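# Descriptive analysis of the structure
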Amino acid sequence: MRQLLLFVSIILVGLLFIFRLFYLQVYTSNEHDLFDDNAIRKVYDYPKRGFVYDRNGELLVANQPSYDVMVIPREVEPLDTLEFCALLKIDKEQFIKKYKKARHYSPRLPSVFVSHMSKEDYAVLQEKMRKFNGFYIQKRSLRHYQTTIGANVLGDIGEVNNRNIKIDPYYKMGDLIGKQGIEASYEKTLRGIKGIKFIQKDRFNRNLGPYKSGKFDTIPEQGKDITITIDSKLQAYGELLMQNKRGGVIAIEPSTGEILTMVAAPTYDPNILVGRDRSKNFTKLYNDTIAKPLFNRSLKGVYEPGSPFKLMNALIALQEGVITPNETVTCYAGYKYGNRFMKCHCYIGKHNDMISGIQESCNAYFATTYRKILDKEGNASTGIDTWSKHVKSFGLGNFLNNDLFEGAKGRIPDRAYYKRIYPKTFYSTYTISNAIGQGEVATTPIQLANMIAAIANRGYYYTPHIIKSIEGKTLPEKFTKAKYTTIDKAHFEPVIEGMLQVYKKGTAASLQVKDIDICGKTGTVENFAIIDSLKTQLTDHSIFVAFAPKNDPKIAIAVFVENGYWGSRFAGRIASLMIEKHIKGYITRKDLEEWILRHSLEEEYAKPYSGEPFRINRQTKLQLVDDSEYKRLKRLLKTSQNPIN
Amino acid sequence: MVRDTNRHFKFDWITIILFFLLVGFGWLNILSASHTGTDIDYFTFSQPYGKQSIFILLTFCIIIVILGIEAKFYERFSSIIYLVSMLSLVGLFIFGKNVNGATSWYAIGSMTLQPSEFAKAATALAVAKQISDLNTNINNIKDQIQTFIIIIIPALLVLLQNDTGSTIVYGAFFFVLYREGLPKYYLSIGVSVIILSVLALKFGALTASIIASILILGYYYFNRKKVTLFQALFVILISTGLSYGVKLFYDGILKPHQQDRISLWLRLEKDPDKLEAMKRTFAYNLNESEKAIRSGGFSGRGFMEGTRTTGKFVPEQHTDYIFSTVGEEWGFLGCSFVVILFILLLLRILHLAELQKSQFSRVYGYGVAAIIFIHFLINVGMVMGLIPTIGIPLPLFSYGGSGLWAFTILIFIFIKLDSNRINEW
């Protein structure tokens, strides 16, 4: 039996080893993945990010080289610190701090010592670089904005965060990704596809050469250039006009759905989000919770549309046949329903037909019309659903489903929406505010501009979009195929005639532009803020929508100026100027331009935060900009004629 | 197996074939682990794989010489061989060259020779001679001590040269002595001590003592006629003392790096931060070698395709950690192949040893199997993380001239003795 001890031990050890091998290599082994293998260095070859051009072929965004000074602490030899610091424009303490940080990260691996050197500093430094062993210059590519306008349109790029990486494993730590604007919505087109090289390394992290002679390496695919629909001159002009105001201006070409201008005020210079100060500046913008410069008011600002919405009600009424264009409604300086009264600025006893109703923006006329629509079947519950369906066919109340990075749904109520508030009985008078574009209806400026485009086209629209062309690609069908509204073409003419009369002799009579038939509509919207938990009324929002020329429309525009009081005061002026600028290319109404540049609403915006009681609307005084600001704006006006520097 | 009586084919070809399979496969892995990506020059002195080619060529000379010598020579001159070998170990204290903290090498020009490798064969011969002596009775305490001394001398000498791994190898002779009649209580005591030590380190001395006491009392209860209570209590006292002794030894006498190795092996360290720190420091080799083996998967990355091997992530990969190369490049299939080759070789030698008619040949054969077995157990076990890190090579497989030649001598002396079996009547 004694022979067995060694024999059995050998057999047992053999079995134990095979079992252990099975555990290590089969049971817990993970499939070989080059990306997980830390013996393989992955070196990425970043393609050129696509350029962005405006509709006239002007280059808006290009790339610029950026130079980072890198350090490998282990290889650093004693150096003339003073000279080096002077070249890098840092002081000695920073030098020591940065060096320690790099050394702490790894003595063997490169770390960024100073990032984003300017071209000039680079030129000087490069000459002397050989004196500083262990330091070298790494070239990277950053965005280079050729202009100071369109921050909200163009957006910016920044380093990916963990969420980006989780969603799309294409991105690795340190990669750049579009964060806002078209940089975000056309990220995949602009970025291209990075190439990758697999390099075998040893345990000291040194490169040994390409893995399998580069069999798995890929070459980068260049990013594609894109042309956007923005007219940079019009955009620059719009941004100038909106200086010292808050709100949005959005202009669409009705025949194509192309967005000509998209202004969100206040805005900022896109160049401040490039390079060394990006995070500092971004934080500053992000933390400005009062002016909200990062909030794209043309796309995300949800406002009650006010009087422009009356156009909608007129169209629906005609379509539903509850009113004819010539039918008149008598206004008693307001509209009485039940024991309540909706005021109107018409004189008592005025007879309004549809055209004059639009022209004078008569509340009584539209309250009557709205009730007729809802009560057509004798049941407001089904009536409001019909109404809602018509409104939604103009692209209101939902996302436009376009190629913009942001958006908001707005709100177009139907019976289901009101179920919470009025579970049982439901009469047309309950929602009478909708007649004049207040109450539960809410839209964004771009939705309203799109509504006007559909009116200009007499019944259809193209989804508003920002892309004009992509190198070697056709646009998706959703941007080139017309979407028809539920209103017949014939019903548009009386409404458009009314809008023309708004300019001819109605609420915007003072804003006429010579030789252009503009069709417009003013809007003045009450609004409230919660101040110290008290609902407080603020000065009305000034709203204006328009398209021009009446026949063969070239531009449809919506302008929102927060707290600008009545529609033609701020928004109307801006709309007229934008239309003239777009159609003629020059301004004849210099008086309007002058007035807009001269006036600021900053004091108005400061009121709710002053902590003191304040006056609104009629009791406010208009604020003039001071001389230095005025001079600055005039200079800007000059350069805005040629916004590409 | 029926052997051909023809003189030229009397050697045990199975052993010889297994021997060359291991040496050849070993060389392929050394090549993979040590080549630097440039053109391969098979006989260059500048690269380990080139040197190993030369070492392998020289083994043929050694084999011819060993097989050419009369079989009786080894028995007759075993004492002298042993003496010379011991002198060569002692000589290291004067002329030795220090490599990695161990003074185990003679430097002859650019070549180094490690006498401790050869001492194993010499000791095996001496032990065989001692036991097969007609006057020796292994049950006699005096003879036991004499045999122990033969084994202890080289073990102590290499321990003094800081070569702990080689010292442990001399434990292999326990299998030999046990086979030849060493009283059974040695086995019981040996196994009990090992189990008790592991229990004491893993669960603490108190737990270990309590477990031991319960078992001993249980044994006493069922064997009351054979064992007195006093004896049982005495054994309990001893095992308790041993438990605390082991703990004291671990805390007080072992060097920190040895403590760390044991603590890693027994998974005593639970703090993930400290475990990470261990992986970066002393357990770096082990961690990298386990990773390399793991990354091989079922069928391996293929010869010369292992990224961790090419990147030399496992230090000492061509010597002690050669098995991790097999793991990465040949996968589970290749590793199992190597394990099975070793098992077959060991069983073959064991089988032949049992067939021997002369006690000298049998004891020597047993010694050969036991020595290779211990090497195999410790090396492969260590590389796979089953055994604390102990630096000894994988026989026939690892890079190194001394090791290869020593194992060649060890095995081929036995093949020669075995070939002479027919004449032994």
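Here's what I pulled together on the structure shown here. (Residues numbered from 1 in each chain as written. Chains lettered and ligands numbered in written order. Predicted model: local features only at pLDDT ≥ 70, side-chain atom pairs only at ≥ 80, totals over all residues. Heavy atoms only, no water.)

### Examining the overall build of chain B
Secondary structure summary: chain B contains 18 helices and three strands in total. The proportion of buried residues among the 425 residues of chain B is 55%. Contacts in chain B between residues at least 24 apart in sequence constitute 69% of all its contacts with a sequence separation of at least 6. As presented, chain B carries roughly 19500 Å² of accessible surface, and 68% of it is formed by carbon and sulfur atoms. (Helix = DSSP H or I, 4+ residues; strand = E, 2+ residues; numbered from the N terminus. Buried < 20%, exposed > 50% of the residue type's maximum accessible area, 1.4 Å probe, protein only. Contact = heavy atoms within 4.5 Å. Areas by Shrake-Rupley, 256 points an atom, 1.4 Å probe, with all protein chains shown as cover.)

### Observations regarding the environment of Ser-336 of chain B
Residues and elements named next belong to chain B. Position of Ser-336 among the secondary structure elements: in helix α16 (residues 322-355). The class of Ser-336 is buried, set by a relative accessible area of 11%. Here Phe-332 takes part through its backbone oxygen, which lies 2.7 Å from a polar atom of the side chain of Ser-336. (Polar contact = N/O pair within 3.5 Å; in protein donor to acceptor, adjacent residues only side chain to side chain.)

### A few points about the sheet that holds strand β2 (residues 102-108) of chain B
Whether parallel or antiparallel, the strands of a sheet pair through hydrogen bonds between backbone atoms. Residue and element names in this part refer to chain B. What the three strands build is an open sheet, ordered β1-β2-β3; its pairing is antiparallel. Of all the strands in the sheet, just β1 (97-99) and β3 (111-113) have a single pairing partner and so form its edges. Taking each pair of neighbouring strands and ignoring which way they run, the sheet shows an average axis angle of 55°. One ladder, built from two bridges, connects β1 with β2; its direction is antiparallel. By the bridge assignment, Lys-97 is partnered in β2 with Trp-105. (Pairing = 2+ DSSP bridges. Axes fitted to C-alpha atoms, helices over the stretch in contact; angles between N-to-C directions.)

### Focus: the sheet that holds strand β8 (residues 195-201) of chain A
Residues and elements named next belong to chain A. Taking strand neighbours across the sheet as the criterion, the three strands line up as β1-β8-β9 in an open arrangement whose pairing is antiparallel. The open sheet has two edge strands with one neighbour each: β1 (40-45) and β9 (207-210). Averaged over all adjacent pairs, the angle separating strand axes in this sheet is 35°, with direction ignored. Examined bridge by bridge, β1 and β8 share six bridges and lie antiparallel to one another. Looking at β8, one finds that Lys-42 is bridged to Phe-198.

### Examining the packing of aromatic side chains
Counted according to the given criterion, the structure contains 52 aromatic pairs over all chains. With centroids separated by 4.3 Å and ring planes inclined at 45°, the aromatic side chains of Phe-84 of chain A and Phe-132 of chain A adopt a geometry described as tilted. Within this pair, whereas Phe-84 of chain A is found in helix α2 (residues 81-88), its partner Phe-132 of chain A is found in the loop between α4 (119-128) and β5 (135-145), the two being separated by 48 residues in sequence. Taken as a pair, Phe-84 of chain A and Phe-132 of chain A share a single burial class, namely buried. Measuring from centroid to centroid gives 4.9 Å for Phe-342 of chain B and Phe-376 of chain B, while their planes differ by 25°, and the two rings are stacked. Here Phe-376 of chain B lies in helix α17 (residues 359-383) and Phe-342 of chain B lies in helix α16, a separation of 34 residues in the sequence. Residue classification places Phe-376 of chain B among the buried positions, given a relative accessible area of 0%. Every member of this aromatic cluster is reached through a ring pair, and the members are Phe-84, Phe-95, Tyr-99, Phe-113, Phe-132 and Phe-135 of chain A. Stacked on the ring of Trp-566 of chain A, the Lys or Arg Arg-569 of chain A has its end atom at 4.9 Å from the ring centre. When the ring centre of Tyr-237 of chain A is taken as reference, the NZ or CZ atom of Lys-581 of chain A above it lies at 5.1 Å. (Phe/Tyr/Trp six-rings, centres within 6.5 Å; stacked < 30°, edge-to-face > 60°. Lys NZ or Arg CZ within 6 Å of the ring centre and 35° of its normal.)

### Concerning the pairing of β8 of chain A
Residue and element names in this part refer to chain A. Counting buried positions along β8 gives six out of seven residues, so the element sits mostly inside the fold. Two elements, β8 and β9, share three bridges in a ladder whose sense is antiparallel. The partner of Lys-201 across the bridge, within β9, is Asn-207.

### A word on the nonpolar core
Residue and element names in this part refer to chain A. Ile-228, Trp-387, Phe-394 and Ile-455 are the most contacted members of the largest nonpolar core, which has 130 residues in total. Among the elements that line this core, the one with the most residues is helix α17 (residues 445-456), at nine residues. Residues contacting Ile-228, with those up to four places away along its chain left out, are Val-52, Tyr-53, Asp-54, Arg-55, Leu-60, Val-153, Leu-154, Ile-182, Ile-466 and Lys-468. (Core = buried A, V, L, I, M, F, W, Y, C linked by side-chain atoms within 4.5 Å.)

### Quick look at the interface of chain B and chain A
With 49 residues of chain B at the interface, the matching set in chain A holds 33 residues. Interface area, chain B with chain A, both sides summed: about 3600 Å², of which 70% is carbon and sulfur. At the boundary of chain B and chain A, one finds one salt bridge. One salt bridge in this structure joins Glu-290 of chain B and Arg-20 of chain A, with 3.7 Å as the shortest N-O distance. Our count for the contact surface shared by chain B and chain A stands at eight residue pairs in polar contact (both at pLDDT 80 or more). Broken down by secondary-structure element, the contributors of at least two residues to the side of chain B that touches chain A are α8 (173-179), α9 (184-203), α14 (284-296), α15 (307-310), α16 and α17 of chain B. At 13 residues, the largest contribution of residues to the side of chain B that touches chain A is made by α16 of chain B. When the residues that make up the side of chain B that touches chain A are grouped by side-chain class, the tally is 29 nonpolar, ten polar and ten charged. (Buried area = accessible area lost by both parts, 1.4 Å probe. Salt bridge = Lys/Arg side-chain N within 4 Å of Asp/Glu carboxyl O. Nonpolar A, V, L, I, M, F, W, Y, C, P; charged D, E, K, R; others polar.)

### Remarks on unusual backbone geometry
With the exception of glycine, the majority of residues adopt a negative phi angle, and the majority of peptide bonds are in the trans configuration. Residue and element names in this part refer to chain A. Cis peptide bonds are those with omega within 30 degrees of zero, and the linkage from Ala-265 to Pro-266 qualifies with 0°. Along the polypeptide, Pro-266 turns up in the loop between β12 (258-265) and α10 (278-287). The residue after Ala-548, namely Pro-549, is reached through a cis peptide bond having omega -15°. Among the secondary structure elements, Pro-549 is positioned in the loop between β19 (534-548) and β20 (555-561).

### Thoughts on the pairing of strand β3 (residues 59-71) of chain A
Residues and elements named next belong to chain A. Most of β3 sits inside the fold, with ten of its 13 residues counted as buried. Pairing analysis gives two bridges linking strand β2 (residues 52-53) to β3, with the strands arranged antiparallel. Paired with Tyr-53 across the two strands is Leu-59, which belongs to β3. As consecutive antiparallel partners, β2 and β3 are separated by five residues, and within that stretch Gly-57 has a phi angle of approximately 85°, a positive value. Here four bridges tie β3 to strand β4 (residues 111-117), and the two strands are oriented antiparallel to one another. Considered in β4, the bridge of Val-71 is made with Ser-111.

### Points about the packing of helix α12 (residues 309-320) of chain A against helix α19 (residues 492-504) of chain A
Residues and elements named next belong to chain A. Between α12 and α19, whose axes approach to 9 Å, the crossing angle comes to 155°. Relative to α19, the element α12 is oriented roughly antiparallel. As α12 packs across α19, the resulting crossing turns out to be right-handed. The residues of α19 that touch α12, namely those facing Leu-311, Ala-314, Leu-315 and Leu-318, are Phe-492, Pro-494, Val-495 and Met-499. Taken together, the residues of the contact of α12 with α19 sort by class into eight nonpolar, no polar and no charged. (Parallel < 35°, antiparallel > 145°, perpendicular 65-115°, else oblique. Left-handed = near helix turned anticlockwise from the far one by under 90°.)

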